[in-house]
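The primary structure of each chain is shown beneath.
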Amino acid sequence: MGERGIPGKSYWDFCTVLLALGTGLLAGCAAMDEEEASWQADSRFYIKPPHCVDIPFALRLCNNVGYHKMSLPNLLDHETMEEVQQQASSWVPLLNKNCHPNTQLFLCSLYAPICLDRPIYPCRSLCTAVRDACTPVMEFFGFPWPDMLKCDKFPLDNDLCIVFPNPNATLSTSSQASEVCPPCDNEMNTDIILDHLCASEFALKMKIKEVKKENGDRKIIPQKKKKPLKLGPLKKKDLKKLTLYIKNGAECPCHQLDNLNSNFLIMGRKVNKQNLLTVIHRWDKKSKEVKKAVKKMKTHVCPTFQGVFK
């Protein structure tokens, strides 16, 4: 395949950004000539002429990504910042799981692409590495890898695209992230708790009666008394016979369940008639983060991101 290039000033601007990031993100950067870049993920240029805007702090997925301005429309055809923020919010809980060192790089290259005259997509190898590392984590929560991010849509590495800077980091980081059951591996932080609240369908304060292993899952049987913080698809009558599952979680550690003599903050989603546990925290009365999160839950408005994982 022939060489690919970004003409004129944009080429140098782009390489300058990459050098500033301290990574070799652009495959074939040194080999580019004055020939116009021809590859597009779906054989088209931007729907509307792109314009450069600041990445807002509210776009939490791309906080500290390494650059400060992005193109709109982005590479997923989101034309307004409001739409970008709503759709990108659904990925923040996954980013917190650290399932791959380059999850943010991959997602932000699409949701908040660097300002250029022509779109530069992530390489297929970057997509594949992130997908393979993060899909098992997503499956714990009942989410599939979405069709809109199918890796065969993206260019091969010998084309003009963004590669991951440190492929050797993949194994060590992903193996560390996989040791603890993902629903049990969460920082006690108000913003992260609220992110998980938005990604979950229901939230409860409750005590746990019993924990069993069943068909590769971990089955959690609550005590009778439960306080709903968010009901979602559940009805109050459903709470009486509620059973929760950690999908594929029979063998992975969950330290919160080592001692059941406390209240728990539980979040979950209903998937294929099972109530899957997405988050579990000990309800520590002395924790300022829990108190702040519960207080904010009453007024917190979650973004709408239907369709992202379909």
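I will try to describe carefully the structure that is included in this document.

Rules and cut-offs
Residues numbered from 1 in each chain as written. Predicted model: local features only at pLDDT ≥ 70, side-chain atom pairs only at ≥ 80, totals over all residues. Heavy atoms only, no water. Helix = DSSP H or I, 4+ residues; strand = E, 2+ residues; numbered from the N terminus. Areas by Shrake-Rupley, 256 points an atom, 1.4 Å probe, with all protein chains shown as cover. Disulfide = S-S within 2.5 Å. Buried < 20%, exposed > 50% of the residue type's maximum accessible area, 1.4 Å probe, protein only. Axes fitted to C-alpha atoms, helices over the stretch in contact; angles between N-to-C directions. Parallel < 35°, antiparallel > 145°, perpendicular 65-115°, else oblique. Left-handed = near helix turned anticlockwise from the far one by under 90°. Contact = heavy atoms within 4.5 Å. Nonpolar A, V, L, I, M, F, W, Y, C, P; charged D, E, K, R; others polar. Salt bridge = Lys/Arg side-chain N within 4 Å of Asp/Glu carboxyl O. Core = buried A, V, L, I, M, F, W, Y, C linked by side-chain atoms within 4.5 Å. Phe/Tyr/Trp six-rings, centres within 6.5 Å; stacked < 30°, edge-to-face > 60°.

## Remarks on the overall build of the protein
Summing up its helical and strand segments, the protein has eight helices and seven strands in all. As presented, the protein carries roughly 15,800 Å² of accessible surface, and 51% of it is formed by carbon and sulfur atoms.

## A word on the state of the cysteines
With the rule as written, the count across this model stands at seven disulfides. With a sulfur-sulfur separation of 2.1 Å, Cys62 is cross-linked through a disulfide to Cys108. Residues Cys62 and Cys108 share a disulfide whose torsion about the S-S bond is about -110°; that sign makes it left-handed. Linking Cys62 in the loop between strand S1 (51-54) and strand S2 (69-72) with Cys108 in helix H4 (residues 103-111), this pair joins segments that are 46 residues apart in sequence. Cys108 shares its class with Cys62; the two are buried.

## Considering the packing of H4 against helix H5 (residues 124-140)
The description of two packed helices rests on the angle between their axes and on the distance between the axes. It is at 9 Å that the axes of H4 and H5 come closest, and there the two elements cross at 125°. Between H4 and H5, the angle falls in the class oblique. As H4 runs across H5, the sense of the crossing is left-handed. Here Thr103, Leu105 and Phe106 of H4 lie close against H5, whose contacting residues are Leu126, Cys127, Val130 and Cys134. Of the residues belonging to the contact of H4 with H5, the class tally is six nonpolar, one polar and no charged.

## Description of the pattern of salt bridges
Taken as a whole and assessed by the stated rule, the structure comprises seven salt bridges. Here Asp54 ties to Lys69 by a salt bridge, and the two come within 2.6 Å at their closest N and O atoms. Placement of the pair is Asp54 in strand S1 and Lys69 in strand S2, with a sequence separation of 15 residues. Put simply, Glu210 and Lys212 hold a salt bridge, and the shortest N to O gap is 4.0 Å. Owing to a relative accessible area of 33%, Glu210 belongs among the partly exposed residues under this scheme.

## Quick word on the packing of helix H7 (residues 190-199) against helix H8 (residues 288-297)
Where H7 contacts H8, the axes come no closer than 8 Å and their chain directions differ by 40°. Classified by the angle between their axes, H7 and H8 sit oblique to one another. In this structure, the crossing between H7 and H8 has a hand that is right-handed. Residues Thr190, Ile193, Leu194 and Leu197 of H7 form the contact with H8, whose own contacting residues are Glu289, Lys292, Ala293, Lys296 and Met297.

## Remarks on the nonpolar core
Counting residues in hydrophobic clusters, the biggest one holds 67 residues, and the most contacted among them are Leu61, Met70, Trp91, Phe106, Ile246 and Ile280. When residues in this core are grouped by element, the largest group, eight residues, is from H5. The residues touching Met70, leaving out its near neighbours within four places in the chain, are His51, Cys52, Val53, Ile55, Leu59, Met81, Val84, Tyr111, Ala112, Pro113 and Cys115. Core analysis: the second largest hydrophobic core is formed by 12 residues, Leu194, Ala203, Leu265 and Met267 among them.

## Section: the side chain of His281
Tracing the backbone shows His281 in strand S7 (residues 274-282). For His281, a relative accessible area of 3% corresponds to the buried category. Dropping the residues within four chain positions of it, His281 is found in contact with Asn186, Glu187, Met188, Ile193, Asn263, Phe264 and Leu265.

## Quick look at the packing of aromatic side chains
For the structure on display, the rule yields three aromatic pairs. Aromatic side chains Trp91 and Trp145 sit 6.0 Å apart centroid to centroid with 65° between the ring planes, which places their arrangement in the edge-to-face category. Taken together, the residues Trp91 in the loop between helix H2 (81-89) and helix H3 (92-96) and Trp145 in the loop between H5 and helix H6 (169-177) connect sequence positions 54 residues apart. With a relative accessible area of 14%, Trp145 lands in the buried category. Ring geometry for Phe106 against Phe154: centres 5.9 Å apart, planes inclined by 90°, an arrangement best described as edge-to-face. With a gap of 48 residues between them, Phe106 in helix H4 and Phe154 in the loop between H5 and H6 connect regions that are remote in the sequence.

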